[in-house]
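The primary structure of each chain is shown beneath.
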Amino acid sequence: MFNLASVRKFFKKDKNVIALLLIWIIGLSVLYSILSIIRHNHFESGAFDMGIYDQGIWLYSQFEKPFSTIKERFLLGDHLTLTLPLLSPLFYIWDNVRILLIAQAFFITFSAIPVYLVSRIRKLSPFASLIFAVIYSLFYGIQYAVYFDWHPIVFAAGILAWLIYFYEAKKIKLFALILLLFLLTQENTGIALACVGLVYLFRKESRRDAILFIIGGIGISLAELKIVSLFSPTGYEYGPKFNPNLIELFKRYFDHADKILVWKYSLANFSFLPLLSPGALLAMLVDLSQYFLPDKQYPHMITPYFHHRVILAPILALATLDVIIFLKKRGLKPEYLLIIMFVAVCLFQFKFHHALNKLSKPIYYQNQSWMDDNIAILSLVPRESSIATQQSLVPHLSHRKEIYLLWPRKSSDPKRCLQQKHCWWLDFAGKPQYLVVDTHPGSTLTQLLESRENFVSALNNMQKAGKISVYKQQDDARIFKINY
């Protein structure tokens, strides 16, 4: 027989609620892992960023210098990812890129634990803290970050949640250690620290620390950008240039449909409560300024559908918690509010069709024949060989010292084009032994970096010129021997 008093008693005990939270976290981590691994298995992952980081971490595991042959530069000349060596032992457990996807899914999902603990420090009940941690774990930025390949910023977001907890719990030594790890994970984590400072700036007891977070975070990021430029042959690739007109700059926050979606999804995930937090709005303006304001904008960086929004999860969670505590002091029951917020998150999940929804669709699990052809041909690639391959195959072959990305380009070189004035050709760096491609009908621009028609034309031209010859073939999946 249902006993309401027993249920209430159960949810008042931290150990009971933490057990439920762990069950939720493990289950959600498995779902996130499945989501990302299926996408990878279907050849939707790419050289940028998964292939680059997978090769780099694998090189660390082999005690080799992390020179990215995909990016043609020392890995630290792309991003200051000094914590990557800490992940290299994963390949001693399973020498497969998929272990990075699993580790990423579990690490970011387990960051719901510090969110729960901070809620308890702020005097929310165990039940309310559980609901809040669940809401955090379903943040759209987490879902799309897990769905889209692998990136160190996802680990940075998880570390940031622990950083906030250790700060709130006044565990100074652990806070200092985690702060160091956080700042060494990527060069713009200092900006994220400044964003946390902006949230704390509106809490009187934290104001002095908040100012240190803001000034120190921005200063450290600027210093790290300089370090990255020293490792890069072309300087910092993503260095932004801004229009000095403040009105025009502000308009750039809202001048694209995807930018508006970012605002909508970010605020909706916490039932628009961050609108009541000046710190949250300032933090969003600062974080999004990196992507929304530069004169030259990268389209994939302004959307809600990649990894760039994941860092907002702990920042907005902290700000939302401030608002909930503010409302609690004025008589509002946090439990009722959070139940409504949870229901809203579930409704938004299906209304906006966020990434987890893909797992409810049978088509997401279906293998097509060309995928089986790719799997067969990849098994025939010599293990120690150097290769050049297309964007969608790089992450499946990146556990090697030399892997080069194919760049389809028009050429006017008579040695290449023979009787033609212009022809398509596949350029690549280095001197790889093999060229591995998949040109199945329906190949996308993302997979080939060019139309299938032009990509196939490039292969034909290279064969006619004697540059490549077929080594192994499985329908439209082929390995070519490169002739020098």
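Look above for the structure.
In short, a report on the structure. Keep in mind that what you see is a predicted model, and the values were worked out from it rather than measured. (Residues numbered from 1 in each chain as written. Predicted model: local features only at pLDDT ≥ 70, side-chain atom pairs only at ≥ 80, totals over all residues. Heavy atoms only, no water.)

Focus on the layout of surface pockets
Turning to step 1, where the next piece is worked out: Each pocket or cavity is described by its volume, and for the largest pocket that value is around 1,100 Å³.
Turning to step 2, where the next piece is worked out: Of all the elements in the fold, those that place two or more residues in the lining of the largest pocket are helix 3 (47-61), helix 12 (207-231) and helix 15 (278-292).
Turning to step 3, where the next piece is worked out: For the lining of the largest pocket, the class distribution of residues is 20 nonpolar, 16 polar and nine charged. (1 Å grid on protein atoms, 1.4 Å probe; cavity = no way out; pocket = protein on both sides within 12 Å on 5 of 7 lines; lining within 4 Å. Points joined across faces, edges and corners; volume = space filled by probe spheres on them. Helix = DSSP H or I, 4+ residues; strand = E, 2+ residues; numbered from the N terminus. Nonpolar A, V, L, I, M, F, W, Y, C, P; charged D, E, K, R; others polar.)

Some thoughts on the environment of F175
Turning to step 1, where the next piece is worked out: Note that F175 resides in helix 10 (residues 172-183).
Turning to step 2, where the next piece is worked out: For F175, the contacting residues outside a window of four places in its chain are L163, F166, Y167 and F213. (Contact = heavy atoms within 4.5 Å.)

Brief notes about the pairing of strand 6 (residues 423-427)
Turning to step 1, where the next piece is worked out: Counting buried positions along strand 6 gives five out of five residues, so the element sits mostly inside the fold.
Turning to step 2, where the next piece is worked out: Here strand 6 shows no split at all, with C423, W425 and D427 on one side and W424 and L426 on the other all buried.
Turning to step 3, where the next piece is worked out: Relative to strand 6, strand 5 (residues 407-411) runs antiparallel, the two being bridged by five bridges. Of the residues in strand 6, the one forming a bridge with R409 is W425. (Buried < 20%, exposed > 50% of the residue type's maximum accessible area, 1.4 Å probe, protein only. Pairing = 2+ DSSP bridges.)

Some details on empty space enclosed by the protein
Turning to step 1, where the next piece is worked out: Throughout the structure, instances matching the rule amount to four cavities of 30 Å³ or more.
Turning to step 2, where the next piece is worked out: By volume, the largest cavity amounts to about 90 Å³.
Turning to step 3, where the next piece is worked out: Residue lining of the largest cavity: P114, V115, V118, F132, A161, I164, P314, A317, L318 and L321, and that is the complete set.
Turning to step 4, where the next piece is worked out: Those elements that provide at least two residues to the lining of the largest cavity are helix 6 (112-121), helix 9 (152-168) and helix 16 (312-328).
Turning to step 5, where the next piece is worked out: In terms of residues, the lining of the largest cavity owes the most to one element, helix 16, which gives four residues.
Turning to step 6, where the next piece is worked out: Among the residues making up the lining of the largest cavity, the classes are represented as ten nonpolar, no polar and no charged.

Here's the deal with the state of the cysteines
Turning to step 1, where the next piece is worked out: On inspection of all chains with the given rule, the structure shows one disulfide.
Turning to step 2, where the next piece is worked out: Across a sulfur-sulfur distance of 2.2 Å, C417 and C423 are joined as a disulfide pair. Between C417 and C423, the S-S torsion sits near -75°, and that sign places the bridge as left-handed.
Turning to step 3, where the next piece is worked out: Residue C423 is classed as buried on the basis of its relative accessible area of 3%. (Disulfide = S-S within 2.5 Å.)

Looking at the sheet that holds strand 8 (residues 468-474)
Turning to step 1, where the next piece is worked out: Taken in spatial order, the five strands make up an open sheet running 4-3-7-9-8, and their pairing is mixed. Strands with a single pairing partner mark the edges of an open sheet, and in this sheet they are strand 4 (403-405) and strand 8. Direction aside, the axes of adjacent strands within the sheet are offset by 25° on average.
Turning to step 2, where the next piece is worked out: Across three bridges, the pairing between strand 3 (residues 387-389) and strand 7 (residues 434-438) is parallel. By the bridge assignment, T389 is partnered in strand 7 with V436. (Axes fitted to C-alpha atoms, helices over the stretch in contact; angles between N-to-C directions.)

Looking at the nonpolar core
Turning to step 1, where the next piece is worked out: Counting residues in hydrophobic clusters, the biggest one holds 99 residues, and the most contacted among them are Y136, I142, L160, F182, F292 and L338.
Turning to step 2, where the next piece is worked out: In terms of residues, this core owes the most to one element, helix 9, which gives twelve residues.
Turning to step 3, where the next piece is worked out: Sequence-distant contacts of F182, that is, excluding residues within four places in its chain, are made with A156, I159, L160, L163, T189, A192, L193 and I311.
Turning to step 4, where the next piece is worked out: By size, the runner-up hydrophobic cluster in this structure holds 38 residues, among which are L59, F91, L100 and L405. (Core = buried A, V, L, I, M, F, W, Y, C linked by side-chain atoms within 4.5 Å.)

Function-wise, these values are silent; they only describe arrangement.
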